Amino acid sequence: MAAATEALIVIDIQNDFCPGGALAVAGGDEIIPRVNALMQEFPVTVLTQDWHPEEHSSFAALHDAAPFSTIQMPYGPQTLWPVHCVWGSEGAAFHPKLSVDPADLILRKGFRPEVDSYSAFFENDHLTPTGLTGYLRERGITDLAFVGLAHDFCVAWSAIDAAKLGFRVKVLEGACRAIDLNGSLAAARDAMRAAGVVLAE
Ligand code: VGL
Ligand code: ZN
């Protein structure tokens, strides 16, 4: 059992990130049994849900560009994705095998059309907070364990922000799966280590 000051943050285990989904992560559904078991061990559990309006600026289709290309946004470079996790769609729903009921909080992110939000703490402008920091601090949480999808995007950005905010952070890599776009997994692991994130099994 984890200590009373530890929270489990489960990132984006949604249909669109699992095999058959619009932005499928290889083996994305394989992690679910372990994630469900971990949820029993932590006193505080948070699920995040990527939650985009139909015309979201991270969608390649909106820019007449190829998916997985990069554009410059006012807040910096942004990878363009296939249309995914449109709010209210089946693709945006949690995977049916994920234990949703035990979660204390479901945090939605990426709902502003003009800015993407990989991190569970800040949108991609690195300025707009989601409110999760306050929620965790008010509950007395000092230590965070991250699992979910995708390892090299939403998990990594969330873990790095959490470490910068002063939480003690680990990523349970066996319960993550990556998109791995042009070496993004290796880069994300280096960036996490540099930020003081512990990469654990
Ligand atoms: C994610 C790309 C776009 C993620 C979300 O959950 O890692 N990646 N939206
Ligand atoms: Zn997204």
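Here, every reference points to the structure presented above.
What counts and how
- Residue indices begin from 1 for each chain and proceed along its sequence in written order.
- Each chain is given a letter, starting from A, and each ligand a number, starting from 1, according to the order in which they appear as written.
- Restriction of local features to residues with pLDDT of at least 70 applies here, the model being predicted, together with a cutoff of 80 or more for giving and counting side-chain atom pairs; totals for whole chains, interfaces and linings are based on all residues.
- Water and hydrogen atoms play no part in the side-chain values, which are based on all heavy atoms of the structure.
- A donor here means any N, O or S atom no more than 2.8 Å from the metal (3.2 Å for Na, K and Ca); water is not included, so a site may seem to lack partners.
- Angle rules define the geometry names used: all angles between 85 and 135 degrees makes four donors tetrahedral, while opposite donors over 155 degrees apart and all other angles between 65 and 115 make four donors square planar and six octahedral, leaving every other case irregular.
- Helix numbering and strand numbering both begin at the N terminus, where a helix is a DSSP run of H or I of at least 4 residues and a strand a DSSP run of E of at least 2.
- Only when DSSP finds a minimum of two bridges between them are two strands counted as paired.
- The axes are straight lines fitted to the C-alpha atoms, using for helices just the contacting stretch, and the angles between their N-to-C directions are given from 0 to 180°.
- Buried Ala, Val, Leu, Ile, Met, Phe, Trp, Tyr and Cys residues form a nonpolar core when they are joined through side-chain atoms within 4.5 Å.
- Only protein chains enter the accessibility calculation, which uses a 1.4 Å probe; a residue is then buried when its area is under 20% of its type maximum, exposed when over 50%, and partly exposed in between.
- We call two residues in contact when some of their heavy atoms are within 4.5 Å.
- Any carboxyl oxygen of Asp or Glu within 4 Å of a side-chain nitrogen of Lys or Arg constitutes a salt bridge here.
- To be near a molecule or strand, a residue needs just one of its heavy atoms within 4 Å of it.
- Under this definition, polar contacts are N or O atom pairs within 3.5 Å; protein pairs additionally need one hydrogen-donor-capable and one acceptor-capable atom, and for neighbouring residues in sequence, both atoms have to be side-chain atoms.
- To measure how exposed things are, a 1.4 Å probe is used in the Shrake-Rupley method; for residues, cover is taken only from the protein chains shown.
- Side-chain classes are defined by residue name, with Ala, Val, Leu, Ile, Met, Phe, Trp, Tyr, Cys and Pro counting as nonpolar, Asp, Glu, Lys and Arg as charged, and the others, Gly among them, as polar.

Draft legend 1. Inspection of the coordination of the zinc ion (ligand 2) at higher detail. Listed as protein donors to the zinc ion (ligand 2) are D50 (OD), H52 (NE2) and H84 (NE2); their distances from the metal cover 2.0 to 2.2 Å. Of note is the zinc ion (ligand 2), whose 4 donor atoms meet at the metal with angles of 88 to 169 degrees in an arrangement that counts as irregular. Sequence positions of the residues that donate to the zinc ion (ligand 2) give the spacing D-x1-H-x31-H. With D50 in strand β2 (residues 44-50) and H84 in the loop between β4 (76-79) and β5 (105-109), this pair connects stretches of sequence that are 34 residues apart.

Draft legend 2. Region of the structure containing the sheet that holds strand β1 (residues 6-11). The 6 strands lie next to each other as β5-β2-β1-β6-β7-β8, forming an open sheet whose pairing is parallel. Looking at the sheet topology across the chains shown, the edges are occupied by β5 and β8 (198-200). Averaged over all neighbouring strand pairs, the angle between strand axes comes to 25 degrees, with direction disregarded. Across 6 bridges, the pairing between β1 and strand β6 (residues 143-149) is parallel. Bridge pairing in β6 links I9 to F146.

Draft legend 3. Examining the nonpolar core more closely. Membership of the largest hydrophobic core comes to 58 residues, with the highest contact counts inside it found for V35, F121, L136, L144 and F146. When contributions to this core are tallied by element, the ones reaching two or more residues are β1, α1 (32-39), β2, α2 (132-138), β6, α3 (151-164), β7 (168-177) and α4 (184-194). Looking at this core element by element, the count peaks at 8 residues for α3. Contact partners of L144, with chain neighbours within four places excluded, come to A7, I9, F121, L136, A162, F167, R168, V169 and K170.

Draft legend 4. Layout of the pattern of salt bridges. Across all of its chains, the model carries 8 salt bridges by this definition. For the salt bridge of D190 with R193, the shortest nitrogen-to-oxygen distance reads 3.4 Å. With D190 and R193 both in helix α4, this residue pair falls 3 residues apart, about one helical turn. Here the salt bridges do not stand alone but share partners, grouping D12, D50 and K109 into one network.

Draft legend 5. Structural context of the site of ligand 1. Looking at ligand 1, the residues that line it are D12, F17, L23, D50, W81, H84, L149, A150, F153 and C154. D12 places a side-chain nitrogen or oxygen 2.6 Å from an oxygen atom of ligand 1. C154 has a polar backbone atom sitting 3.0 Å from an oxygen atom of ligand 1. Here ligand 1 loses 100% of its free accessible area of 250 Å² to cover by the protein chains. Tallied by class, the residues present in the shell around ligand 1 amount to 7 nonpolar, 1 polar and 2 charged.

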